[in-house]
Amino acid sequence: MTVRTPVSATRVKVHFAGRQWPAFPVGAAEWRTILGTDPTTRPGRHALTVEASAAGGAGLVARRTVTVVRVAFPRREVTFDPALAPLLTREAAERERRRVAEALRVLHPSQLWADPLTLPLQGKVTSGYGTLSIYQKQVRGFHGGVDILAPEGTPVRSASRGIVRLAEPLPLSGHAVLVDHGLGVVTSYLHLSEIGVRVGQRIGRGEIIGRVGSTGLSTGPHLHWGLRVNGVRVDPIPWTAR
Ligand SMILES: [Zn+2]
């Protein structure tokens, strides 16, 4: 979403779906913010409010309504080898969540990616975005990305230009790489057998960042590819060329 103000604003605040969204200045009187919804967003009408303030305290408020449509996501039941059960603890999930939040605390303020994103590798999508995951008879939330089937060792390529923000093993996601593409857009590449980049590295579209594996909470070699916009996990497939 682009916000244009009649005069240069010093601050733009965006509210939607019960939270505030970061807005980034992209021109003299132009700001951009990228909104996302996920399967936990309430379907129906949501208020979108934009508040712009200029030097000297003058302010403008614009209001719009955004309708979030209901989507019926499939369910999948996953049964893991009991040896993996220790990975399914709340503590491990919390540790991973904190580590990811820390790595993504400061993101690049301008757009690095080019539309559309490219798929990190070619392969069959075995589990789509939004699928309700039931592990060991327990609902564990929705699938926050897509699983692409590929043999162990297949090169995994960055979906676009960006900066590596995380490149390390995580308790559930296994060997993981997170790439910051600017304006709050981040792609994730999980369960890798090998990581080929380091934190802070600038990478180009299609550059190899690692290799397919089955590390962490995984039932076989595949790539989990995810896309976050300002912290909300959205479906990466509509962002690719089709
Ligand atoms: Zn997955």
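Residues numbered from 1 in each chain as written. Predicted model: local features only at pLDDT ≥ 70, side-chain atom pairs only at ≥ 80, totals over all residues.

Student: Is there a simple way to explain the nonpolar core in this structure?
Tutor: If you look at the biggest cluster of nonpolar residues, it comprises 34 residues, and the most contacted ones within it are Ala176, Val177, Tyr189, Leu192 and Leu223. Of all the elements in the fold, those that place two or more residues in this core are strand 12 (145–149), strand 14 (162–170), strand 15 (174–180), strand 16 (185–192) and strand 20 (222–229). Broken down by element, this core gets its largest block of residues, 5 residues, from strand 16. With sequence-adjacent residues up to four places away left out, Tyr189 is seen in contact with Pro120, Val156, Ala176, Val177, Ile209, Gly210, Leu223 and Trp225. In terms of nonpolar packing, the next biggest core, distinct from the first, is built from 10 residues, Val3, Ala9, Val12 and Val14 among them. (Core = buried A, V, L, I, M, F, W, Y, C linked by C-beta atoms within 7 Å. Buried ≥ 20, exposed ≤ 12 C-beta atoms within 10 Å, placed from the backbone. Helix = DSSP H or I, 4+ residues; strand = E, 2+ residues; numbered from the N terminus. Contact = placed C-beta atoms within 7 Å.)

Student: For this particular structure, what's the right way to read the domain arrangement of the protein?
Tutor: For an interface, size is often stated in terms of accessible area lost upon the parts coming together. Each assigned domain of the protein is listed with its residue range as follows: domain 1 (2–68) and domain 2 (75–239). Put simply, the middle of domain 1 and the middle of domain 2, counted by C-alpha atoms, are 28 Å apart. Contacts between the two partners involve 10 residues from domain 1, matched on the other side by 12 residues from domain 2. Here the residues of the side of domain 1 that touches domain 2 sort into 6 nonpolar, 2 polar and 2 charged. (Domains from an automatic or database assignment. Nonpolar A, V, L, I, M, F, W, Y, C, P; charged D, E, K, R; others polar.)

Student: I keep staring at the environment of Leu117 and nothing clicks. Help me out?
Tutor: In this structure, Leu117 sits in the loop between helix 1 (90–103) and strand 9 (125–127). Leu117 sits 82 residues away from Leu35 along the chain, and the two C-alpha atoms are 17 Å apart. When residues no more than four places from it in sequence are discounted, the contact partners of Leu117 are Ala159, Ser160, Pro236, Trp239 and Thr240.

Student: Which parts of the structure should I look at to understand unusual backbone geometry?
Tutor: Across the chain, the bulk of peptide bonds are trans and the bulk of non-glycine residues have phi less than zero. For the bond running from Asp115 to Pro116, omega is -10 degrees, close enough to zero to count as cis. Its place among the elements puts Pro116 in the loop between helix 1 and strand 9. Notably, Leu183 is not glycine yet its phi reads approximately 55 degrees, a positive angle. In this fold, Leu183 is placed in the loop between strand 15 and strand 16. Given 21 C-beta atoms within 10 Å, Leu183 falls into the buried group. The phi dihedral of Asn230 is positive, around 45 degrees, even though this residue is not glycine. Take Asn230: it is sitting in the loop between strand 20 and strand 21 (232–234). Asn230 sits in the buried class, given 20 other C-beta atoms within 10 Å.

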